Amino acid sequence: MSARMLVAGLGAVALLVTGCGGSAPMGAGGAAAGRDEGPVKIGALHPVSGSNAVDGLQMRRGAQLAVDAINAAGGIKSLGGRKVELVTGDTQGKADIGQSEAQRLISAGAVSLVGTYQSAVSTNVAVVAERNRVPFVMDVTASDAIFSHGYRYSFRVQPGSKAIATAAAQYLKAVSDQAGKPVRKVAFLHEQSDFGSGAADAFTAAAKQLGIGIGPNISYDATTVSDLTAQVTQVKASGADVLAVAGYYRDSLLAAKAIASVKPDLNAVWGVSNGAYDQPKFVADAGALGNLYFSANYHYDATNPETVTLREKYQKQYGDPMRTGAVLSYDAVQVIAHGVEQAASTDPEKVRDAIAGAQVAPLTVGRGQIQFAPNGDNRNAFPVLMQVRDGRVQQVYPPEKAESRPDYRVAWRP
Amino acid sequence: MTELDTGAPVVPETAPPDRKAKADKGFLGRAGIVAAVLVVAIVLALVQSGSGLVVWQSVVTGILTGGLYGLIAMGLTLIFGVLDIVNFAHGAFLAVAMFISFGMVQATGLHPYLTLVVAVPVLFLLGAAVHRGLLSGAGGRSLENQLLITLGLSLLLENGLLMFFGAEPKTIALPGDFQFPLLGAVVAGSRLYAFLGAIVLGGLLFWLLRRTRLGTAIRAVAANASGAALVGINVRRMHTLTFAIGTACAGAAAVLAGPLVTVTPTLGEQFNITAFVVVVLGGMGNVVGALVGGLLIGLVEQLTTIYLGGQSSLLGVFVVFVLVLFLRPQGLFGRRA
Amino acid sequence: MSTITIAAPSNSDVVKAPSLRPQNRQFAILAILVVVAIPLPLILPAAQGAVAVRILIFLLMAVGWNIMSGFGGMFSFGHAAYFGLGAYTSAYLLVKHNVSPWIGMLAGMVVAAAVAVVIGFFSFRYKLQGAYFALATFAFAEMLRLIVTSSAFANKSVGYSVPLIQGSSLWQIQFPADSPAYFWVALFLAGAAVAISIGFLHSRAGRYVTAIRDDELAAASLGAPVLRHKLMTVALSAAITAVAGAFYTQYYLFVNPDLGFGSAISIQAIVPVVIGGIGTVWGPVVGAIIIGSLTDVTATLLRTPPGFLGFLQGRSGLDVVLYAVLVILIVRLLPKGIVGTLAARWRR
């Protein structure tokens with residue numbers, strides 16, 4: 001209980017007894033402590049308290065399932081079957097806490113980190129990883145900015161914001177052409193931070209290349225918005241035939257309610273990296289409102305039998321359907337374990353090199369094996385198009401990943 | 001003692017009684033100015049957006065949302081005006097009441113509005129307990145202590161809800177929700193109900209404060225606590241009662257607003273700031289002012305979205321807030337209730 | 001400097017009275033504290049070292065806030081504005097123009113002080129007091145946050161990442177991750193801030209400021225230039241808070257609108273002071289140490305709970321609940337803060 005000791009120490013410095021003090025054993029030692037013996041430690045950093053706790057906990061469990069699977073298969077064979085252990089940290093969704101937790105996990109001997117769900121926290125943890133020369137494999141992190149700094153130790157499994165938005169525009173073109181109702185003009189409704197406006201910018205750029213008109217481009221503040229009716233009315237007045245929405249869960253649900261009451265003359269509602277439209281919870285919450293909504297996003301591969309087995313196992317163990325984020329954490333831990341296996345070492349530097357050259361088959365949708373570009377981004381990361389159909393989210397495009405064919409229309413128009 | 005920790009009102013009350021007629025005239029004048037500014041703002045919005053339908057829908061949405069803001073701010077203005085407590089836990093009280101409503105609907109399948117019967121009394125008791133236990137007495141007198149206690153309380157309530165209900169966002173479905181067109185704009189039934197609820201609640205509070213003995217006592221305590229004590233009013237009890245009534249209002253607001261929002265433990269934050277702006281705008285302690293202030297803020301939000309695309313609607317709200325603080329700190333309709 | 005002549009107000013409100021003892025004693029205590037703290041990073045494990053640096057950043061903010069709100073009696077609920085300005089000014093200069101963070105820190109102090117004077121001027125001109133003043137400062141901080149969030153020149157909501165350099169450099173305030181140098185730089189800054197706050201409290205200006213706080217009318221009628229001293233206090237307070245922001249950016253190597261200007265920052269500046277004792281020299285120090293380590297202690301306790309608390313492990317939100325309960329308890333039981341209560345008892 002080294003934090004106690006800290007309080008005791010500092011308390012003495014301040015010539016005061018805080019009551020939290022007391023004798024306590026010495027905490028973890030210097031950086032490399034315990035890396036060479038005992039289980040191989042992988043540090044998982046997720047927001048398991050605070051408002052993102054549900055996803056954070058899902059992802060921590062996803063990582064744990066991966067560790068269990070590796071151990072069940074005999075541990076790290078190149079290290080004589082050494083077991084793997086997940087050491088966990090709670091970022092509380094805060095960047096500075098994320099940083100000190102990352103430091104703690106590295107001090108505890110983690111050969112690599114996995115996390116963190118939020119871009120701002122990942123940005124901070126990436127710096128810690130870089131400076132401690134410990135690889136950091138991101139499971140969920142939308143922001144592309146992290147990969148523009150030339151970091152050597154940062155890797156990412158999920159497709160970035162730009163990759164998703166670009167693919168979303170291409171899918172829209174293809175699906176609307178196929179349906180014989182080629183898209184003319186897309187209205188874009190997005191939350192105004194990095195996440196939403198980044199998606200809007202990338203989508204606009206890709207749409208222009210495909211000859212799709214864009215406008216109006218409407219943003220809102222996700223933290224305070226309580227009604228989007230006026231914004232959707234603006235969409236209706238503009239005559240756009242598709243409405244693209246990039247937002248978080250709560251505001252995207254608000255948008256769905258507004259769309260249902262305004263009923264603009266659309267051919268499709270198109271989620272781009274949308275935090276709601278591919279969630280089973282959205283299907284339950286929105287009911288008929290959300291039927292036939294499309295969503296281009298990263299997703300667990302529903303067509304892969306291994307993924308199906310994993311999700312069944314998760315459901316049985318935790319009584320909860322496994323989300324995409326958790327499957328991504330699973331993939332990320334597999335990448336790390338693969339790196340350790342290849343490096344035959346727990347030296348983070350060697351593990352980093354092995355991860356950089358790794359090829360691992362993902363359980364999330366991808367264009368192929370997970371393989372990292374020089375900047376650390378997953379070369380084969382690849383979003384899929386989903387649609388809410390008969391109370392279920394189904395993969396509909398591209399055809400090789402499709403569970404059913406896309407139905408290009410909206411529920412309130414024939 | 002500094003001005004921070006006296007129990008006296010922060011706003012100097014300068015108007016002697018014989019100026020009541022004048023004050024009324026000033027009141028009408030101000031209302032006229034506000035109305036004129038609003039009309040100009042709406043015309044400008046028309047020019048800016050070029051679509052009558054969009055502006056009309058914005059105005060309708062603004063008024064309906066504004067009713068909701070007014071509803072939430074009413075309890076807060078009572079507490080602020082009478083007790084001089086800047087209650088940062090108001091949003092958390094709102095969240096607690098929403099979870100009560102959600103839990104009852106989930107467990108018993110009641111109509112959401114019927115949960116008022118439980119949510120309001122529970123919040124009343126909670127408010128009374130919080131005031132007695134945490135805010136009355138020496139520890140709760142200074143502004144900084146109030147701030148920390150109410151902030152700590154909101155952390156406590158929010159995270160208590162988080163532990164109990166989990167972070168998963170919840171929704172309360174309103175059976176038989178409908179919408180109807182109003183000259184081209186759409187009006188959702190649930191929002192209209194919340195709006196009407198705000199007017200009813202405002203009327204109820206107004207009646208309570210103006211026409212009952214209890215209300216007279218509360219107003220006496222607000223105007224001059226030591227004077228009220230001299231004529232035999234139990235000031236501490238009045239404070240507790242007022243605080244409890246204020247939180248009970250949050251309970252009523254939460255039940256009416258429940259079907260409109262996604263229920264999460266931290267949802268109060270979203271409304272707390274706006275509610276404070278509304279309180280200052282309407283004049284603290286002024287229940288009807290809170291309703292009108294809410295409508296104004298609802299409109300300001302919507303118009304900001306039209307004027308400054310890409311900006312948060314909050315920016316416009318804060319600009320109006322700062323202007324009001326500087327130019328008319330007692331609020332646009334600044335007479336105490 | 002002359003000795004202190006201001007007497008404590010005759011009523012029981014001793015917290016806010018300046019100390020009657022010579023400031024030399026306070027300087028001596030400060031020197032001892034700093035000397036004792038110097039070897040800390042060599043003793044503490046790396047993760048606790050990070051907590052220690054965080055405490056010092058809290059301390060800087062707390063000292064800054066205390067000058068304005070404790071000594072000056074102007075309750076600010078918007079110190080995030082100055083923290084953010086310090087952070088953003090230094091980050092902008094470093095990232096865009098490759099200016100040393102030390103110079104960026106100075107620039108941030110100037111910018112923050114200037115903005116504080118403007119905000120202060122209007123607030124005092126329109127006689128905002130108490131809760132209204134607090135709400136106004138809050139509104140200004142939020143407005144800054146919203147403007148920065150949508151301004152392209154400040155990188156919108158992405159914020160700035162400080163470029164990493166090879167090796168370490170004091171001039172660039174960048175060292176290897178677990179280097180004790182971060183702690184020492186922070187200790188130097190925090191020590192200087194406390195020293196300035198001691199010096200200010202006992203200076204002529206400081207005595208005017210506390211006199212104005214205790215009775216503005218009386219002070220003005222005795223010829224104290226009220227507005228000038230209030231603005232001076234506000235500027236000094238903002239400048240120290242800006243140092244915290246600039247150092248924060250260097251230490252965490254990243255800042256975005258929420259981390260710089262978010263309302264959580266304003267609260268972080270207030271909580272340690274109120275816990276420690278508002279208007280006292282040592283209140284911010286004690287408060288920052290307690291609050292800075294509290295989150296970590298509760299988190300650690302819950303991660304590896306002692307046997308009888310085992311059922312609590314992994315309950316999300318519980319550590320914040322504990323934190324909130326402790327804060328409420330301290331405020332309720334020691335309404336004048338730890339130092340304030342101790343001082344009152346000592347004098348009795």
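Residues numbered from 1 in each chain as written. Chains lettered and ligands numbered in written order. Predicted model: local features only at pLDDT ≥ 70, side-chain atom pairs only at ≥ 80, totals over all residues.

Brief notes about the overall build of chain C
Secondary structure summary: chain C contains 15 helices and two strands in total. Classification of the 348 residues of chain C by burial places 63% in the buried group. (Helix = DSSP H or I, 4+ residues; strand = E, 2+ residues; numbered from the N terminus. Buried ≥ 20, exposed ≤ 12 C-beta atoms within 10 Å, placed from the backbone.)

A few points about the overall build of chain B
Helices and strands together make up the secondary structure of chain B, namely 12 helices and four strands. A globule of 337 residues ought to have a C-alpha radius of gyration of about 20 Å, and chain B, at 20 Å, matches this closely. Once the C-alpha set of chain B is aligned to its principal axes, its extents read approximately 60 × 55 × 35 Å. Per-residue burial for chain B yields a buried fraction of 58% across its 337 residues. Within chain B, contacts between residues separated by at least 24 positions form 77% of all contacts whose residues are at least 6 apart in sequence. (Rg over C-alpha atoms; globule rule 2.2 N^0.38 Å. Contact = placed C-beta atoms within 7 Å.)

Description of the sheet that holds strand β8 (residues 242-246) of chain A
All names here are of chain A. Spatially, seven strands are ordered β7-β6-β8-β9-β10-β11-β12 in an open sheet, and the strand pairing comes out mixed. In this open sheet, the two strands that pair with only one neighbour each are β7 (213-220) and β12 (392-397). Geometrically, the sheet is characterised by an average inter-axis angle of 25° between neighbouring strands, direction not taken into account. In this structure, strand β6 (residues 185-191) lies alongside β8, joined through five bridges in parallel fashion. Residue pairing in the sheet places Leu189 in a bridge with Val245 of β8. Lying on the sheet, helix α7 (residues 229-238) is in contact with β6, β7 and β8; it crosses β7 at an angle near 170°. (Pairing = 2+ DSSP bridges. Axes fitted to C-alpha atoms, helices over the stretch in contact; angles between N-to-C directions.)

Here's the deal with helix α12 (residues 263-276) of chain C
Residue and element names in this part refer to chain C. Spanning 14 residues, α12 covers 21 Å between terminal C-alpha atoms, matching the ideal 20 Å at 1.5 Å per step. By the criterion of burial, α12 is predominantly enclosed, with 11 of the 14 residues buried. Inspection of α12 places Ile265, Ser266, Gln268, Ala269, Ile270, Val271, Pro272, Val273, Val274, Ile275 and Gly276 among the buried residues, and these make up the whole buried set. Where α12 ends, the next residue or the one after it, Gly277, has phi of about 135°, a positive value. (Expected span 1.5 Å × (residues − 1).)

What about the pairing of strand β1 (residues 40-46) of chain A?
All names here are of chain A. Among the seven residues of β1, six are classified as buried, and the element is accordingly described as predominantly covered. The sheet contact formed by β1 and strand β3 (residues 110-115) spans five bridges and is parallel. Residue pairing for β3: Leu45 is matched across the bridge by Gly115.

Re the confidence of the model for chain B
Low pLDDT means the predicted coordinates in that region are not meant to be read closely. Residues and elements named next belong to chain B. Looking at chain B as a whole, its pLDDT mean stands at 84, while 90% of the residues score no less than 70. Within chain B, no element has a lower average pLDDT than helix α1 (residues 20-49), which sits at 77, and none a higher one than helix α3 (residues 90-108), at 93. Here residues 1-17 is a poorly scored stretch, pLDDT under 50, and it has 27 contacts once near neighbours within four places are set aside; other chains count. (pLDDT = per-residue confidence, 0-100.)

Focus on the environment of Asn155 of chain C
Residue and element names in this part refer to chain C. Inspection of the secondary structure puts Asn155 in the loop between α6 (130-149) and β1 (160-161). A count of 22 C-beta atoms within 10 Å places Asn155 in the buried class. Considering only alpha carbons, one finds Asn155 and Pro257, 102 residues apart in sequence, at a separation of 9.4 Å.

Topic: the pairing of β6 of chain A
The two faces of a sheet get side chains in turn, since along a regular strand they alternate between them. All names here are of chain A. For β6, the buried fraction is high: six of the seven residues fall into the buried class. Where β6 lies against β7, six bridges are found, and the strand directions are parallel. Its bridge partner being in β7, Phe188 is matched across the sheet by Asn217. Considered for its hand, the β-α-β crossover made up of β6, helix α6 (residues 194-209) and β7 is right-handed. (Right-handed = clockwise from strand over helix to strand, strands pointing away.)

Some remarks on the interface of chain C and chain B
Every contact between the two is made by 39 residues of chain C and, on the other side, 37 residues of chain B. At 10 residues, α6 of chain C tops the list of elements feeding residues into the side of chain C that touches chain B. Each residue belonging to the side of chain C that touches chain B can be placed in one class, and the counts come to 26 nonpolar, seven polar and six charged. (Nonpolar A, V, L, I, M, F, W, Y, C, P; charged D, E, K, R; others polar.)

Overview of the packing of helix α5 (residues 161-178) of chain A against α6 of chain A
Residue and element names in this part refer to chain A. Axis separation between α5 and α6 bottoms out at 8 Å; the angle between their running directions is 45°. Compared by their axis directions, α5 and α6 come out oblique. You can see that α5 and α6 cross each other, and the crossing is right-handed. Taking contact as the criterion, the partners of Ser161, Lys162, Ala165, Thr166, Ala168, Ala169 and Gln170 in α5 are, on α6, Phe195, Gly198, Ala199, Ala202, Phe203, Ala206 and Ala207. Taken together, the residues of the contact of α5 with α6 break down into nine nonpolar, four polar and one charged. (Parallel < 35°, antiparallel > 145°, perpendicular 65-115°, else oblique. Left-handed = near helix turned anticlockwise from the far one by under 90°.)

Here we look at helix α9 (residues 235-257) of chain B
Taking 1.5 Å per residue as the helical rise, α9 of chain B with its 23 residues ought to reach 33 Å, and the 33 Å between its terminal C-alpha atoms agrees with that figure. Most of α9 of chain B sits out of view: 20 of its 23 residues are buried.

Re unusual backbone geometry
A cis geometry characterises the amide bond from Gly115 of chain A onward to Thr116 of chain A, with omega recorded as -5°. Tracing the backbone shows Thr116 of chain A in the loop between β3 and α4 (119-132). Phi is positive for Ala344 of chain A, close to 50°, though the residue is something other than glycine. Here Ala344 of chain A lies in the loop between α11 (324-343) and α12 (348-356). Of note in this structure, Asn155 of chain C is not a glycine but carries a positive phi near 65°.

Brief notes about the sheet that holds β3 of chain A
Residues and elements named next belong to chain A. Overall, parallel pairing links the five strands, which are arranged β2-β1-β3-β4-β5 in an open sheet. Taken across any chain shown, the strands that pair with only one partner, and hence form the sheet edges, are β2 (84-90) and β5 (154-156). The mean inter-strand angle of the sheet, taken between neighbouring strand axes irrespective of direction, is 25°. The pairing of β1 with β2 spans seven bridges and is parallel. Note that in β2 the partner of Val40 across the bridge is Val84. Running over the sheet, α11 touches β1, β2, β3 and β4 (136-138) and is turned about 160° from β3.

Focus: the confidence of the model for chain C
Residues and elements named next belong to chain C. When pLDDT is averaged along chain C, the result is 85, and 89% of the positions lie at 70 or above. When the criterion is pLDDT under 50, residues 1-17 qualifies, and its contacts beyond four places in sequence or with other chains add up to 28 contacts. On the interface metric, ipTM, the complex scores 0.84, and its pTM is 0.86.

Section: the environment of Gly227 of chain B
Residues and elements named next belong to chain B. Within the fold, Gly227 resides in helix α8 (residues 225-230). Classification of Gly227 as exposed rests on a count of 12 C-beta atoms within 10 Å. As a C-alpha pair, Gly227 and Pro265 span 38 residues in sequence and 41 Å in three-dimensional space.

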